[in-house]
Amino acid sequence: MPQHKISPDSPIGIFDSGIGGLTVVKAVQAGLPSERIIYFGDTARVPYGPKSQVTIRKYAREDTEILLKHQPKLIIVACNTVSALALDVVEQCAGDIPVIGVLKAGAVLAAEKTRTGRIGVIGTQATIGSNAYTCAILKENESLEVIPKACPLFVPLAEEGFIDHPATLLVAQEYLSAFTGKEIDTLVLGCTHYPILRRMIEKITGPDITIIDSAEAVASMAGDLLSARNLRNPGKETAIPHLMVSDLPQKFRELYRLFMGSDLPDVELVEV
């Protein structure tokens, strides 16, 4: 079990299967601007969604070990697939360091916000297939009804930068038609890429459906946890995130701009 001295100055470690987790980095930065963030995106092995549970669990351990080298005070699993299928691996690997998964954060917020008790969840094939969101939401309140829908094309469309593209609109209309007549009042974006397509999704779902962004939910949970443990960084400076990736795709710079709305800071290439 790793034992190291955690202090308010220690960084928050965040990892994802690729770059979707940058939406979590952005939300954590917005909510906790003085926190130092170490981010690892496993760009060499993305996507995790279609892979087997055995492989996902192996990757989760390796990703966590990369973050542990930086002695974080908190680990955020920004990958819904890992949150669904391997959170226990991350917790075991992290030892005494608290771990928050985006999935639970999104589920808790959805259960809080729904008025009619009917919640839609969209995510990758692996996340939806694992039934983890349904279980997590029902754990909060077993009288709720959850309608899940896998949207496998949303990730490649987001990474292609097809934010306002007619092709994305067609695909989104097709996927979201699964909720027609189901009378949901809350929709969970169960994949960290999906906030990029939020405007498009909202255009289709309309103003009466509350969108739950698990990136925002996890950022708020992280703030509460750090406050409870007296681990908030008291600094006033806004820290630039330290980014690590396992492969530096040509498109990373433009994707970073798309996700974060700013230019790319230095990126460290790490081996997995």
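Residues numbered from 1 in each chain as written. Predicted model: local features only at pLDDT ≥ 70, side-chain atom pairs only at ≥ 80, totals over all residues. Heavy atoms only, no water.

**Student:** Please set out the nonpolar core residue by residue, giving values where relevant.
**Tutor:** If you look at the biggest cluster of nonpolar residues, it comprises 83 residues, and the most contacted ones within it are Ile-14, Val-82, Ile-122 and Phe-154. Those residues in contact with Ile-14 that lie beyond four places of it in its chain are Val-24, Val-25, Val-28, Ile-37, Ile-38, Tyr-39, Phe-40, Leu-67, Ile-76 and Ala-78. By size, the runner-up hydrophobic cluster in this structure holds 16 residues, among which are Ala-107, Ile-119, Tyr-133 and Ile-212. (Core = buried A, V, L, I, M, F, W, Y, C linked by side-chain atoms within 4.5 Å. Buried < 20%, exposed > 50% of the residue type's maximum accessible area, 1.4 Å probe, protein only. Contact = heavy atoms within 4.5 Å.)

**Student:** An account of the pairing of strand β2 (residues 37-41) is needed here, citing residue identities and associated values.
**Tutor:** Burial analysis of β2 places five of its five residues in the buried class, which makes it a mostly covered element. Both β2 and strand β9 (residues 242-245) contribute to a ladder of four bridges, which runs parallel. Counterpart to Phe-40 in the pairing with β9 is Met-244. (Helix = DSSP H or I, 4+ residues; strand = E, 2+ residues; numbered from the N terminus. Pairing = 2+ DSSP bridges.)

**Student:** I'd like a rundown of the packing of aromatic side chains, residues and numbers included.
**Tutor:** Per the counting criterion, the structure on display carries three aromatic pairs. An angle of 80 degrees between the planes, with centres 5.2 Å apart, marks the rings of Phe-154 and Tyr-175 as edge-to-face. Taken together, the positions of Phe-154 in helix α8 (residues 154-159) and Tyr-175 in helix α9 (residues 166-176) put the pair 21 residues apart, joining distant regions of the chain. For Phe-154, a relative accessible area of 1% corresponds to the buried category. With a centroid separation of 5.3 Å and an interplanar angle of 90 degrees, the aromatic rings of Phe-154 and Tyr-194 are classed as edge-to-face. Here Phe-154 is found in helix α8, whereas its partner Tyr-194 is found in the loop between β7 (186-189) and α10 (198-205), with 40 residues between them in sequence. Taken together, the ring pairs in this structure connect Phe-154, Tyr-175 and Tyr-194 into an aromatic cluster. For the cation-ring pair, Arg-45 lies above Tyr-59, with the distance from its terminal atom to the ring centre recorded as 3.7 Å. (Phe/Tyr/Trp six-rings, centres within 6.5 Å; stacked < 30°, edge-to-face > 60°. Lys NZ or Arg CZ within 6 Å of the ring centre and 35° of its normal.)

**Student:** Account for the sheet that holds β9, with residues named and values stated.
**Tutor:** One open sheet holds the six strands; their spatial order is β4-β3-β1-β2-β9-β10, and the pairing between them is parallel. Each edge of the open sheet is held by one strand with a lone partner, namely β4 (99-101) and β10 (267-269). Neighbouring strand axes in the sheet, compared pairwise and without regard to direction, differ in orientation by 20 degrees on average. Here strand β1 (residues 12-16) pairs with strand β3 (residues 74-77) via four bridges, running parallel. Bridging across to β3, Ile-12 finds its partner in Leu-74. Of the strands in this sheet, β1, β2, β3 and β9 are in contact with helix α2 (residues 53-68), which crosses β1 at around 150 degrees. On top of the sheet, helix α4 (residues 87-94) reaches β1, β3 and β4; it is set at about 165 degrees to β4, its chief contact. (Axes fitted to C-alpha atoms, helices over the stretch in contact; angles between N-to-C directions.)

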